[in-house]
Amino acid sequence: MRAPALGLLLALSCALAPAGCAARPQPRTHHVEIRQMRFVPAQLDVAVGDTVVWTNHDVMPHTATTAPSSSERFDSRSIEGRGTWSFTVATAGEHPYVCTFHPTMQGRLTAR
Amino acid sequence: MGMKNASWRISLAAAGLLAAAPGCKQREERAAAAPAPAVTAESSAAPPSAPAPAAPAPSDAQIAAIVVAANQVDVLAGQLALEKSKNAQVRELADRMVTDHTAVNKAAVELVTRLKVTPEESDLSRALTSGGADKRSELQRLDGDAFDRAYVDNEVAYHEAVIGVLKTQLVPAAQHPELKDTLVGVQPAFDAHLQHARMIQAGLAGAGAAAGEARP
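Since this is a predicted model, take the numbers as computed values, not measurements.

Calculation notes
- Residues numbered from 1 in each chain as written.
- Chains lettered and ligands numbered in written order.
- Predicted model: local features only at pLDDT ≥ 70, side-chain atom pairs only at ≥ 80, totals over all residues.
- Heavy atoms only, no water.
- Helix = DSSP H or I, 4+ residues; strand = E, 2+ residues; numbered from the N terminus.
- Buried < 20%, exposed > 50% of the residue type's maximum accessible area, 1.4 Å probe, protein only.
- Areas by Shrake-Rupley, 256 points an atom, 1.4 Å probe, with all protein chains shown as cover.
- Phe/Tyr/Trp six-rings, centres within 6.5 Å; stacked < 30°, edge-to-face > 60°.
- Lys NZ or Arg CZ within 6 Å of the ring centre and 35° of its normal.
- Contact = heavy atoms within 4.5 Å.
- Buried area = accessible area lost by both parts, 1.4 Å probe.
- Salt bridge = Lys/Arg side-chain N within 4 Å of Asp/Glu carboxyl O.
- Polar contact = N/O pair within 3.5 Å; in protein donor to acceptor, adjacent residues only side chain to side chain.
- Pairing = 2+ DSSP bridges.
- Axes fitted to C-alpha atoms, helices over the stretch in contact; angles between N-to-C directions.
- Expected span 1.5 Å × (residues − 1).

Draft legend 1. Structural view of the overall build of chain A. Looking only at helices and strands, chain A features 1 helix and 8 strands. Shown N-terminal to C-terminal, the secondary structure of chain A runs as helices and strands in the order α-β-β-β-β-β-β-β-β. In chain A, which comprises 112 residues, the proportion classed as buried is 38%. Accessible surface, chain A as shown: approximately 6600 Å² in total, 59% of it carbon and sulfur.

Draft legend 2. Representation of the packing of aromatic side chains in the model. All chains considered together, the criterion is met by 9 aromatic pairs over all chains. A centroid spacing of 5.4 Å and a plane angle of 85 degrees characterise the contact between W54(A) and Y97(A), whose relative ring orientation is edge-to-face. Placement of W54(A) in strand β4 (residues 51–56) and of Y97(A) in strand β7 (residues 93–98) is noted, with a sequence separation of 43 residues between them. Residue W54(A) is classed as buried on the basis of its relative accessible area of 0%. With relative accessibility at 1%, the residue Y97(A) sits in the buried group. Judged by centre distance (6.0 Å) and plane angle (15 degrees), the ring pair of W85(A) and F87(A) falls under stacked. Lying across the ring of F101(A), R96(B) places its NZ or CZ 3.8 Å from the centre.

Draft legend 3. Representation of the interface of chain A and chain B in the model. The partner chain B presents 16 residues to the 11 residues of chain A that form the contact. Interface area for chain A against chain B, summed over the two sides, is near 1100 Å², with a carbon-plus-sulfur share of 67%. For the chain A face of the interface with chain B, the top three residues by lost area are Q36(A), V59(A) and M60(A), together amounting to 39%. Counting across the chain A and chain B interface gives 1 salt bridge. Residue R82(A) pairs with E110(B) through a salt bridge whose shortest N-O separation is 4.0 Å. Joining chain A to chain B, the criterion identifies 1 residue pair in polar contact (both at pLDDT 80 or more).

Draft legend 4. Representation of the environment of K116(B). As for its position among the elements, K116(B) is in the loop between α4 (88–114) and α5 (123–140). Taking the C-alpha atoms as reference, K116(B) lies 9.6 Å from A61(B); in sequence the two are 55 residues apart.

Draft legend 5. Examining the sheet that holds strand β1 (residues 29–35) of chain A more closely. Residue and element names in this part refer to chain A. Spatially, 4 strands are ordered β2-β1-β4-β6 in an open sheet, and the strand pairing comes out mixed. Pairing within the sheet leaves two strands with one partner each, and these edge strands are β2 (38–40) and β6 (84–88). Across the sheet, the mean angle from the axis of one strand to that of its neighbour is 20 degrees, orientation sign disregarded. Where β4 lies against β6, 5 bridges are found, and the strand directions are antiparallel.

Draft legend 6. Structural detail: α4(B). Residue and element names in this part refer to chain B. Across its 27 residues, α4 extends 39 Å between first and last C-alpha, which sits within 8% of the 39 Å expected from 1.5 Å per residue. Where α4 begins, the side chain of N87 points an oxygen toward the backbone nitrogen of Q89, at a separation of 2.9 Å. K116 lies just past α4 and shows a positive phi near 60 degrees.

Draft legend 7. Seen up close, the pattern of salt bridges. The final tally for this structure, using the stated rule, is 10 salt bridges over all chains. Here R108(A) makes a salt bridge to E94(A), at a shortest N to O gap of 3.0 Å. Placement of R108(A) in strand β8 (residues 106–111) and of E94(A) in strand β7 is noted, with a sequence separation of 14 residues between them. Of the residues examined, R108(A) reaches a relative accessible area of 32% and is grouped as partly exposed. Salt-bridge contacts for R126(B) lead to D123(B); the nearest nitrogen and oxygen are separated by 3.5 Å. Taken together, the residues span about one helical turn, with R126(B) and D123(B) both in helix α5 at a distance of 3 residues. R126(B) sits in the partly exposed class, given a relative accessible area of 43%. Three or more residues are tied together by salt bridges with common partners; here these are R82(A), K106(B) and E110(B).

Structural data, given as structure tokens:
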């Protein structure tokens, strides 16, 4: 008895929501590899609510840290070799980021 | 600065392993004209006109020792800079060199241990080690801006020389695929270090020029 009642309740809430439940995509997880002193992919399109996971395949530590021009703010601090760090995007916009240890390493999240 | 930058090339060339390195055309011509037997390592004071030997390709065991020596030289130079420099950018570069080259060495030692390769000294590994000791002695005698400029100049010259050896000698000679992949994999790090050092070098040169203009 309880399960059909719950289903009916969910269906009602979907029907009442103007945007509709099916229209809202589930948050996704994206992966950025840090390899040979580069972020791969360097450019990534994400949605607000998505999670980005950086995995460091180099032997030396790196960071993923937003540049001053970014409308989002994140700073992994040191990600050791073979280490990972993740961040859930909260703000739409362009989010350029760098490795603060190696200024030549640059990446960008475009969040919608 | 030209002489300073040349010192690492001369030092490594004396060990016979820069024949095909970029910027060493004269050495290539000499090597082609008069191949010589292997010579012992010489310091950076070696004359530029020293005859160039035809270098045999290093073995994997020799490459392992060269990689360890090359990284260790830069770790020790970085540690000296952290002791002596008060310049934030120079200290940041030095800290990065210590961290990164220590990490590369750790990975290299883990790899050769797993591959059961015992590092074997060669003229080049000995030239790197002795050249590094000579350079640290020079740097030790300097202070302030003079130290900062000399340290950063050396970082630029050293990375240029090591990248040349890596690309033209070590990678082509490496026999084990994992060792070759590791050498290829660290090249971008060395390139990034070189760019980082050049950025700071340009900043120090600009600051020096501005200070010179400000003097009456």
